[in-house]
Amino acid sequence: MARPKEFDEENALRLAIATFSQKGFAATSTDDLMQSMKIGRQSMYDTFGDKRALFLKALEFYARETTAVLIAELRKPGSPLANIRNTLAQFAKRKDLSSTDGCMGINTICEFGLQDREVLQASRGAAMALRHALLATLKQAQQEGELSSDTEIEALADFFEATLAGIRIAAKAGKSRSSLQRIAATASQLFQPQ
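Calculation notes
Residues numbered from 1 in each chain as written. Predicted model: local features only at pLDDT ≥ 70, side-chain atom pairs only at ≥ 80, totals over all residues. Heavy atoms only, no water. Helix = DSSP H or I, 4+ residues; strand = E, 2+ residues; numbered from the N terminus. Buried < 20%, exposed > 50% of the residue type's maximum accessible area, 1.4 Å probe, protein only. Contact = heavy atoms within 4.5 Å. Areas by Shrake-Rupley, 256 points an atom, 1.4 Å probe, with all protein chains shown as cover. 1 Å grid on protein atoms, 1.4 Å probe; cavity = no way out; pocket = protein on both sides within 12 Å on 5 of 7 lines; lining within 4 Å. Points joined across faces, edges and corners; volume = space filled by probe spheres on them. Nonpolar A, V, L, I, M, F, W, Y, C, P; charged D, E, K, R; others polar. Polar contact = N/O pair within 3.5 Å; in protein donor to acceptor, adjacent residues only side chain to side chain.

With respect to the overall build of the protein chain
Scanning the protein chain from N- to C-terminus turns up 9 helices and 0 strands. Each helix and strand of the protein chain, ordered N terminal to C terminal, gives the series α-α-α-α-α-α-α-α-α. With the C-alpha coordinates aligned to their principal axes, the bounding extent of the protein chain is approximately 65 × 35 × 30 Å. Here the protein chain holds 194 residues, and 45% of them are scored as buried. Pairs at least 24 residues apart make up 70% of the contacts formed inside the protein chain by residues separated by at least 6 positions. Accessible surface for the protein chain amounts to roughly 10700 Å². Of this, 53% is attributable to carbon and sulfur atoms.

Structure (structure tokens):
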């Protein structure tokens, strides 16, 4: 009879995310993961597979959880453009934005680029869901007259996504929390009713 698991899988994934966020994939050892996740080697392999399989599960979980928060903010009732501005402001306040915590998403892009199909698949679904919610919010802003009908909403969506990436990189580079909030506030000026 198999022994019951003595750890919380979701919590273990969160701890793995923190480790991968700080060190990246290549620099993170299996020993680093076992220590941070507080589980033994066999438990890690039995539950998550090898380091790469764990990384892919952690990346998918991270991407899905991160974008779910953003999507919920975008879909709140009220002004669509205010929701976008609030999303930027809330993002800049995230506790995991710091030079010591790193960012699993940015680390992954820098480390793997677009070369690894499995890595792309692990985060692509969440990225597409965020893009869809963002475009729907921008279209709603057009329908409600907050944006003119000839506004290039694809370009606004690109700018929004680039701003999120820029905030992550600025945090990793050691920018202060107030600097991150100023970046979000400056970007928010583009999302004012026209």
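Some remarks on the layout of surface pockets
Its volume calculated, the largest pocket comes out at about 720 Å³. Every residue lining the largest pocket is counted, 24 residues in all, and those nearest its centre are Gly-105, Ile-109, Ser-123, Ala-127 and Arg-168. Looking at the lining of the largest pocket, the elements that each hand over two or more residues are helix H4 (51–74), helix H6 (104–112), helix H7 (117–143) and helix H8 (153–172). When residues of the lining of the largest pocket are assigned to their parent elements, the largest contribution, 9 residues, is made by H7. Of the residues contributing to the lining of the largest pocket, the split by class is 14 nonpolar, 6 polar and 4 charged.

Quick look at the environment of Ser-21
Looking at the secondary structure, you find Ser-21 in helix H1 (residues 9–23). Assessed through its relative accessible area of 5%, Ser-21 is described here as buried. Linking Ser-21 and Gly-105, residues 84 residues apart in sequence, is a C-alpha distance of 7.9 Å. Setting aside residues up to four positions removed in sequence, Ser-21 forms contacts with Asp-101, Gly-102, Cys-103, Met-104, Asn-107 and Lys-172. A distance of 3.2 Å separates the side chain of Ser-21 from the backbone nitrogen of Met-104, its partner in a polar contact.

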